[in-house]
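Chain by chain, the residues:
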Amino acid sequence: MNEDMWIVVPAAGRGERMGSSLPKQYITIGEHTMLQHTLTRLLAVKDVAGIVVTLAEGDEHWPSVAAGREARVHSTIGGMTRADSVIAGLRFVLNHAPASSWVLVHDAARPLVSVADIKRLTDAVRNSGAVGGLLASPVNDTLKRVDEYCCVELTVTRRNLWQAQTPQMFRAGELFEALQSGALSGAPADSITDESSAMEGMGHEPLLVEALQPNLKVTRPADLTLATLLLANLQSNS
Ligand code: CTP
Ligand code: MG
């Protein structure tokens, strides 16, 4: 039998690029908030001991999320950056489970994530002996680097380039130390945008597992339109 895992869901952001006064994780898509959609998917993952949602201080919207009342769902206060929020979630996990426990970190802003893709990730990491891993998708578009006037300086080859997604899966203690040391290293606060980069900074090589289903991070208004269509499509096929 697999040992139990924990999930940390950073949900303390303000959604500035979305341009809405309501933090984007509380925007309604179809019948539910984005955070409710995300938690419904994560609650369907097997062998999960607990889910820790990190919230912004003074968050008034969390009580309206029905999944928050599930016994396995806990909340704690996040921080100024995504990495700080994940550190807060990991601190909760480490108070309730051994440091060797596997943790999946998954953005509240990715409500489409497929339970089958999560299983492919957890199986691949457990079977590979890797330090951990993440869902990702290969870059399809031609990439350009531009100057300050938005004129093309050069074309970047997309060979071997992947877009990192979440969940990202690591051992709780190792990930906590990697994120803490990233935060203490004097690196710019926004330079550690995912767990993998913190682990890479410690010399590790996380495993990439291709996401076969759409797993977009709802970031800008156009993403909301796409997420609404995709969620409606998933519900009509289930
Ligand atoms: N997040 C967090 N704590 C922060 C910043 C972000 O928990 N201090 C969370 C967000 O709530 C989101 C996830 O990290 O679920 C991914 O971040 P992103 O998509 O960048 O969300 P925001 O930071 O809210 O959006 P923006 O960068 O446009 O402000
Ligand atoms: Mg952000």
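Please refer to the structure higher up on the page.
Residues numbered from 1 in each chain as written. Chains lettered and ligands numbered in written order. Predicted model: local features only at pLDDT ≥ 70, side-chain atom pairs only at ≥ 80, totals over all residues. Heavy atoms only, no water.

Trainee: I'm lost on the pattern of salt bridges in this one. Help?
Mentor: Two side chains bearing opposite charge may form a pair once their charged atoms approach each other closely. What the rule picks out here adds up to six salt bridges. Among the ionic pairs, Asp107 bridges to Arg110, the shortest N-O distance being 3.4 Å. The exposure class of Asp107 is buried, given its relative accessible area of 8%. Overall, the relative accessible area of 7% leaves Arg110 in the buried class. Among the ionic pairs, Arg120 bridges to Asp117, the shortest N-O distance being 2.7 Å. One end of the pair, Arg120, and the other, Asp117, are both in helix 3 (residues 115-128), three residues apart, so they sit about a helical turn from each other. Given the relative accessible area of 31%, Arg120 is considered partly exposed. Ionic contacts of the salt-bridge type, sharing partners, join the residues Arg82, Asp107, Arg110 and Glu195 into one network. (Salt bridge = Lys/Arg side-chain N within 4 Å of Asp/Glu carboxyl O. Buried < 20%, exposed > 50% of the residue type's maximum accessible area, 1.4 Å probe, protein only. Helix = DSSP H or I, 4+ residues; strand = E, 2+ residues; numbered from the N terminus.)

Trainee: Would you take a moment to explain the site of ligand 1 for this structure?
Mentor: Lining the immediate surroundings of ligand 1 are 20 residues, of which Ala12, Gly15, Glu16, Lys24 and Ser85 lie closest. Between ligand 1 and Gly13, the relevant distance is 3.0 Å, taken from an oxygen atom to a main-chain nitrogen or oxygen of the residue. The separation between an oxygen atom of ligand 1 and a polar main-chain atom of Arg17 is 2.8 Å. In the complex, 87% of the free accessible area of ligand 1, which totals 560 Å², lies under the protein chains. Assessed atom by atom at 2 Å from the grid points, ligand 1 resides in the largest pocket. Every element with two or more residues in the shell around ligand 1 is listed here: strand 1 (5-11) and helix 2 (82-96). (Near = heavy atom within 4 Å. Polar contact = N/O pair within 3.5 Å; in protein donor to acceptor, adjacent residues only side chain to side chain. Areas by Shrake-Rupley, 256 points an atom, 1.4 Å probe, with all protein chains shown as cover. 1 Å grid on protein atoms, 1.4 Å probe; cavity = no way out; pocket = protein on both sides within 12 Å on 5 of 7 lines; lining within 4 Å. Sits in = over half its atoms within 2 Å of the grid points.)

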